[in-house]
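# Understanding the architecture of this molecule
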Amino acid sequence: MDWLLTTGLSATADAWGAHAGLGEDVDRLRSVLSRVHALVERGEQWRFTNPGIADLLTQLKDAAYDAEDLADELATNEKQSSQRLFPSVRSFLRGLVTGAADRARGVRSRLEYASTDLERAIAALDAPGKATARRTLRETSSFIGRPVVLGRDREREDVVRLLLNPVRPHNSGGDCGNAKRRKNRDGVAVLAILGMGGVGRLLWRRSKRFLLVLDNAWCEDSLELQTLIAPLKYGHPGSAILVTSRSCKVADAAGASELVCLDGLPEEAYWELFEQYAFDDEDPAGHPELVAIGKRIAHKLKGSPLAAKTVGGALSSDMTAKHWSTVMENGLWELEQGAGGILPALRLSYQYLPAHLKQCFTFCAVFPKGHIFSKETLIDMWVAEGFISPQENFGNKCLKELLIRSFFQQHMFSDLCYVMHDLISDLAQSLSIDECFCLTDEKCLPKIPPTVRHLSVCTKHLELGKFVELGRYTKLRSLLIFGMFGQELSYSLDNLLNKLSNIRLLVLRGCVIKELPRNIGNLKLLRYLDVSYTKIQWLPDSICQLSSLQILNVLNVPLKNHPKGLTRLANLRKCYTNEPITSVMSNISNLTSLESSSVFEIPKGQGHRIAELKDMTQLTEILHVTNLENIVKHDALKAKMNTKAHLHRLIMEWSSSHVGDAEFSEAERSKASMIIESLEPHSNLASLKLKYYSGIQTPSWLQAGTLCCLSELSLSNCPFLTEVTSLPSSLRRLHIIRCINLRNLDECLQPQSLQGINEIIVMNCSKLGLLPVERFGGFASLHILEIQNCPELPPTRRLTLPPSTKELLMRSCGYVDASLPSCLHNLPSLLNLSLNKCPNLLSLPAEIVSQLQSLQGMYIDNCSSLQSLGGLHCLSSLINLHIVNCPRLTDLDPSMFLDISEGQGLQRLECLTISTTSLLSLMMRSSVPTLKTLVLYQSTDSVIVHDPRNKLCQCFPSLQELLFQDCGNLLALPEELHTLSSLQFLRIFNCPMIQSLPLKGLPVSLRTLSFEKCHPLLEEQLKKLKFSYNTA
């Protein structure tokens, strides 16, 4: 059934062929299974239209899973017997052979019978004159059944606008993975509308102009689609092609220049649509109880129009509260649905998935609705189940495929987490009804199918006796406990595990468990064990018998010991612990499958030696080696760092106290250089950081041409480093921080050798005198430049910048700031400009500032000589403006804020931080409707509003946050403070001269009030008010 099955059978056949004829039986079993792969795919096409096929397919898959279990068991036995075991153990393992041979013959017989029956059934359906099951697509037409379109006004306007004016890039409704915006092909606009099945893409075919609509497109072959579109490339100007699909790949293949991604309908519009289907001709006002139930059902459907039709239709057939409550409690997949229902529509997406992605997707039915999927955790589970191989990055590709096909959605707060639409969850349950079950209520226990392979417990109210009874499902491969947090499970778990010998994945995260049962060691097939956030203090020695274990998670577990035998877990790929793995295990050299060893600490004297890394060639992601000063002489070469071909990031760190020793000798610096030369990494390395390295120069392998994939280099706290002479040409990001003796970067920063570099950060290099800033204009890909606290940079070199620059930060950078403002010419992409402690900056004239049309953030701080600042009124993209502690910037030009009311600038400004109230007064001459945050910081002024004609509520009608901080001379808060009707947050910090609140108090909209280091009288007033607000 998957890649693991064939590899397991192969190893078993070779190793056990001499025992009781088992090798011949396994070979015959493998021969049968080669037919099963193709047969299952054929059966999948018929299972939804023919109940008989579905039953036969279930029998075949059940037999195939049993064959996998046998193969895995035998492969594990073979591995254990090949180790140095006691004679009695080897004798015991040989005694299993006869029973295994009988089981192999029995499983093969079941497979042959099930395969034959399924082949005959499919052949009968495939006979001439019979209907075909080949991925039948839903037929679409230009006629719309219901003319009413609800909740799509904005999207409809966007589509019309994009069709009429398709050239300008626009993203309406959200980003969709890595889909690209392309220019129009030969004058014909291609617009793609994307969304999961049933979200309402069909409605977009209503158009008053002639256009070609490719509705519900599935073809992801760019050549095939372009062949279809080719005859239209000389179409009349204004012609357009509208593609609707569920997959970003289709839009990409069609060459779509614009994307519109559809989510569910807004709740109010959705209820209006749902109400039409659910109540039909009935008046909802006459059924208040049904309305209440219906709104709860509609909320679960997350805005899907097709789901409204399917579920609403099921409700309208029986207008009783009992029926509606039953529908609400059951899953959507339990409703009877015709070909036009939501699940048949969603199944089309599933049918187009390759076999391994089908397994990955249907496995997700074991999780409860609303579950937040961690990217790394989900991929680890897929690998542990054998659905995909653990090869580098393959799991990420699988998850990305499911994401762009709308099976998953990106979590709104994290790029590393995903969620699944409730309808997609229902689809997964309908597809895996015989294999996966999520137990959400004790009443659902009778519904668990006897063939279940993956089971989760998501209820707190399950009696321990019934929990133990789950052991009757002896074919279980996965058991995930997400509920039962209030019950001690240690004893019950002991009884349960005695019956579950086929478990591969066991999740006990957060359960009340003080002790892991000893019989955990009997789970010879276990590959994934998560006991994080439990109360376990001791791991049993039997855990070291889990030779198949790949993932061990003991994060946030108060462990007092770690068994010494953990180093025998040769298949362990990842070990999540509170401490570095070197603190958990005495010697990790046997863990040759380990992929993640985030920190490898080298202690002084006896303990871990870096040579233990020698055979750990599967390390991926990041390796952080600390205390490199403790490496034994000539031991570094034994680590064979140049064999770690999958390692992405490497951090080499010496002890900070060691480097800071006043008696640090030349011999020790020489030793550091020798060590780093011996630790040359593989050429595939993408990121390297050297911390507290005590050598005088960088290692020779950092020269151009050696690390051809290195994109990021960071040198920090290298106190004796004096120069960097050469860098890999592949470099994209260079960070040099706190290298206090560094004097020269002139030779390594050459535009012709670093053509792709996009980020240069140089900080706290107090003796740096040679930095070729005049060449920086030649770095055509440069996006970010930061120069901070480098006071020795001379006035002889003038900074130039390329048009690609997006962020510029200059702080205490010697005479480089004398290049301002001329270096700001021709920067159309500049987003953020930060100038701090730039004493040579005299002015930022309007003719330069007004060119920065992309600028979103301007931060000017402690520029003591700055006298003139103009052109702010031209910055139409500016969101954040920070002007603080510029004492000579007093007589400001009123033209800075001209025509704000006419919409020529600052129409997007959201945050303003200032230290002079004269600037505030200038701004208050007209309204800034978008301003949400106003901060008066380190002001020496005594009054906030100079002109009583200027009203805060009129100038800043949307203000939500107001902060006064370190304003030592400020005498009073604005009298009209109470008129700020949108204000929610007020903070007063270290303003000792303000003695009272305004007479009319604070605005009623205020939600949070924060104060500290204020006048005692004011604090007394504020303390009385704190009960009215959620004080910070």
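This write-up is about the structure you can find in this document.

## Considering the overall build of the protein chain
Assigned secondary structure in the protein chain consists of 26 helices and 34 strands. Counting only residues that meet the buried cut, the protein chain has 52% of its 1032 residues in that class. Total accessible area on the protein chain is roughly 45,500 Å²; 51% of this is exposed by carbon and sulfur atoms.

## Regarding the packing of helix α9 (residues 267-279) against helix α11 (residues 305-316)
α11 packs onto α9 with a crossing angle of 35° between their chain directions and a minimal axis gap of 7 Å. Crossing of α9 over α11 shows right-handed handedness. Listed contacts from α11 to Y270, L273, F274, Y277 and A278 of α9 are P305, A307, A308, K309, V311, G312, G313, L315 and S316. Broken down by class, the residue content of the contact of α9 with α11 amounts to ten nonpolar, three polar and one charged.

## What to know about empty space enclosed by the protein
Empty space among the atoms can be located by rolling a probe the size of a water molecule over them. Per the stated rule, a full pass over the model turns up six cavities of 30 Å³ or more. Here the second largest cavity is characterised by a volume of approximately 70 Å³. Lining of the second largest cavity is provided by L920, L934, L936, I944, L952, L959, L962, F964, P974 and L980.

## A word on the environment of E401
Tracing the backbone through its elements, the reader meets E401 in helix α16 (residues 394-404). Considered as a pair, E401 and L357 are 44 residues apart in the sequence and their alpha carbons are 8.4 Å apart. Residues contacting E401, with those up to four places away along its chain left out, are K249 and L357.

## Considerations on the environment of R509
Here R509 is to be found in the loop between β12 (505-507) and β13 (528-530). Between the alpha carbons of R509 and V531 there is a distance of 5.0 Å; along the sequence they are 22 residues apart. Ignoring anything within four residues of it in the chain, the contact list for R509 reads I481, F485, D530, S532, Y533 and N553. Side chain to side chain, R509 and S532 meet in a polar contact 3.2 Å long.

## Points about a negative patch on the surface
Residues D280, D281, E282 and D283 make up a contiguous surface patch of negative charge. For D283, the position within the fold is in the loop between α9 and α10 (288-300).

## Looking at the packing of aromatic side chains
For any pair of aromatic rings, the description rests on two quantities: the centre-to-centre distance and the angle between the ring planes. Enumeration according to the criterion identifies 13 aromatic pairs in this entry. Centre to centre, the rings of Y350 and F361 are 6.4 Å apart; their planes meet at 50°, and the pair counts as tilted. Here Y350 is found in helix α13 (residues 342-351), whereas its partner F361 is found in helix α14 (residues 355-363), with eleven residues between them in sequence. Residue Y350 shares its accessibility class with F361, and that shared class is buried. Note on F776 and F779: the rings are 5.6 Å apart at their centroids and 50° apart in plane angle, and the pair reads as tilted. A relative accessible area of 1% means that F779 is categorised as buried.

Cut-offs used in this document
Residues numbered from 1 in each chain as written. Predicted model: local features only at pLDDT ≥ 70, side-chain atom pairs only at ≥ 80, totals over all residues. Heavy atoms only, no water. Helix = DSSP H or I, 4+ residues; strand = E, 2+ residues; numbered from the N terminus. Buried < 20%, exposed > 50% of the residue type's maximum accessible area, 1.4 Å probe, protein only. Areas by Shrake-Rupley, 256 points an atom, 1.4 Å probe, with all protein chains shown as cover. Axes fitted to C-alpha atoms, helices over the stretch in contact; angles between N-to-C directions. Left-handed = near helix turned anticlockwise from the far one by under 90°. Contact = heavy atoms within 4.5 Å. Nonpolar A, V, L, I, M, F, W, Y, C, P; charged D, E, K, R; others polar. 1 Å grid on protein atoms, 1.4 Å probe; cavity = no way out; pocket = protein on both sides within 12 Å on 5 of 7 lines; lining within 4 Å. Points joined across faces, edges and corners; volume = space filled by probe spheres on them. Polar contact = N/O pair within 3.5 Å; in protein donor to acceptor, adjacent residues only side chain to side chain. Patch = residues over 30% accessible without salt bridge, like charges linked within 9 Å, V, L, I, M, F, W, Y side chains within 5 Å. Salt bridge = Lys/Arg side-chain N within 4 Å of Asp/Glu carboxyl O. Lys, Arg positive; Asp, Glu negative; His and termini not counted. Charge placed at Lys NZ, Arg CZ, Asp CG, Glu CD. Phe/Tyr/Trp six-rings, centres within 6.5 Å; stacked < 30°, edge-to-face > 60°.

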